Amino acid sequence: MAETLDLSHHLLIAMPALADDNFRQTVSYVCEHGEHGALGLIVNRPLEITLGDLLEQVGLKPATDAIAGQPVYGGGPVQQNACLILHRPLGRWDSTLPVTDQIGLTGSMDLLASIARGVGPDDFLVCLGYAGWGAGQLEQELADNAWLTAPGRADLLFELPADQRWRAAAASIGVDIALLPNRAGHA
């Protein structure tokens, strides 16, 4: 019986040859992966809207300018109007998917309201949309050399500037992404 690959709490680092505009030069954090597919968030694509803009759209007022100025990320091409929040620590929010014992994914209004009031989790990324793969799709993309994988790292997700995450994720596994070819191939 073959062992099932589980890439939950892993980073998917787009190979330079990945031409799909949805994923070109992205880092996706895999929140859930199993026999039925995978769900992740692109963590290095800030949108042109801020958290303050988003909060205003849902009738919430940010407690501080720092909260209002937080970036909102394009989490992926699926359901781009869905707001999902990657955060640490887990806390007790409605509809949280624990990814690790410290990191959770939540799509509920109570967490967004807490963030607006300044009483949310210490670290968070607010994303619109997500990345999804059907059963076997991610495994096939890995076989096609579309992605490098690396263990998930909270410091990379929550502390490093978004524009540094793609290269840093590759460097975390000893790869200089700038040295990889811009075309795919198989040996």
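For the structure, check the block above.
Treat the numbers as computed from the prediction; the structure is a model and nothing was measured.

For the structure on display, the rule yields three aromatic pairs. Ring centres of F23 and W147 lie 5.6 Å apart, and the angle between their planes is 80°; this geometry places the pair in the edge-to-face category. Here W147 lies in strand β10 (residues 147–151) and F23 lies in the loop between β1 (10–14) and β2 (27–34), a separation of 124 residues in the sequence. Just as F23 is buried, W147 falls in that class too.

So, on to helix α3 (residues 109–117). Of the residues making up α3, those classed as buried are L111, L112, A113, S114, I115 and A116. The inward-facing, buried residues of α3 abut α1 (51–57), α2 (65–68), β6 (78–88), β8 (104–106) and β9 (123–134). Remark: G118 follows α3 within two positions and exhibits a positive phi of approximately 85°.

The residue after R88, namely P89, is reached through a cis peptide bond having omega -5°. Position of P89 among the secondary structure elements: in the loop between β6 and β7 (96–98). Of note in the backbone geometry, Q25 takes a positive phi value of approximately 55° without being a glycine. Relative to the elements of secondary structure, Q25 occurs in the loop between β1 and β2. Even without a glycine there, the phi angle at S95 is positive, about 55°. Note that S95 resides in the loop between β6 and β7. Given the relative accessible area of 60%, S95 is considered exposed.

This part covers the environment of G104. As for its position among the elements, G104 is in strand β8. Residues G104 and S28 lie 76 residues apart in sequence; the distance between their C-alpha atoms is 15 Å. Beyond its immediate sequence surroundings of up to four residues, G104 is in contact with I85, L86, H87, L90, T96, L97, P98 and V99.

Our next topic: the state of the cysteines. Covalent bonding between the sulfur atoms of two cysteines is what defines a disulfide. Counted according to the given criterion, the structure contains zero disulfides. For C83, which is in no disulfide, the shortest distance to another cysteine sulfur is to C127 and amounts to 8.1 Å. Note on C83: relative accessible area 23%, which makes it partly exposed.

In this structure the tally under the stated criterion is three salt bridges. R88 is paired through a salt bridge with D123; the nearest N and O atoms lie 2.6 Å apart. Here R88, found in strand β6, pairs with D123, found in strand β9; they are 35 residues apart in sequence, far enough to count as distant. For the salt bridge of E159 with R88, the shortest nitrogen-to-oxygen distance reads 2.9 Å. Placement of the pair is E159 in the loop between α5 (154–158) and α6 (165–171) and R88 in strand β6, with a sequence separation of 71 residues. Among the charged side chains, a network of salt bridges with common partners joins R88, D123 and E159.

So, how was this worked out
- Residues numbered from 1 in each chain as written.
- Predicted model: local features only at pLDDT ≥ 70, side-chain atom pairs only at ≥ 80, totals over all residues.
- Heavy atoms only, no water.
- Phe/Tyr/Trp six-rings, centres within 6.5 Å; stacked < 30°, edge-to-face > 60°.
- Helix = DSSP H or I, 4+ residues; strand = E, 2+ residues; numbered from the N terminus.
- Buried < 20%, exposed > 50% of the residue type's maximum accessible area, 1.4 Å probe, protein only.
- Contact = heavy atoms within 4.5 Å.
- Disulfide = S-S within 2.5 Å.
- Salt bridge = Lys/Arg side-chain N within 4 Å of Asp/Glu carboxyl O.

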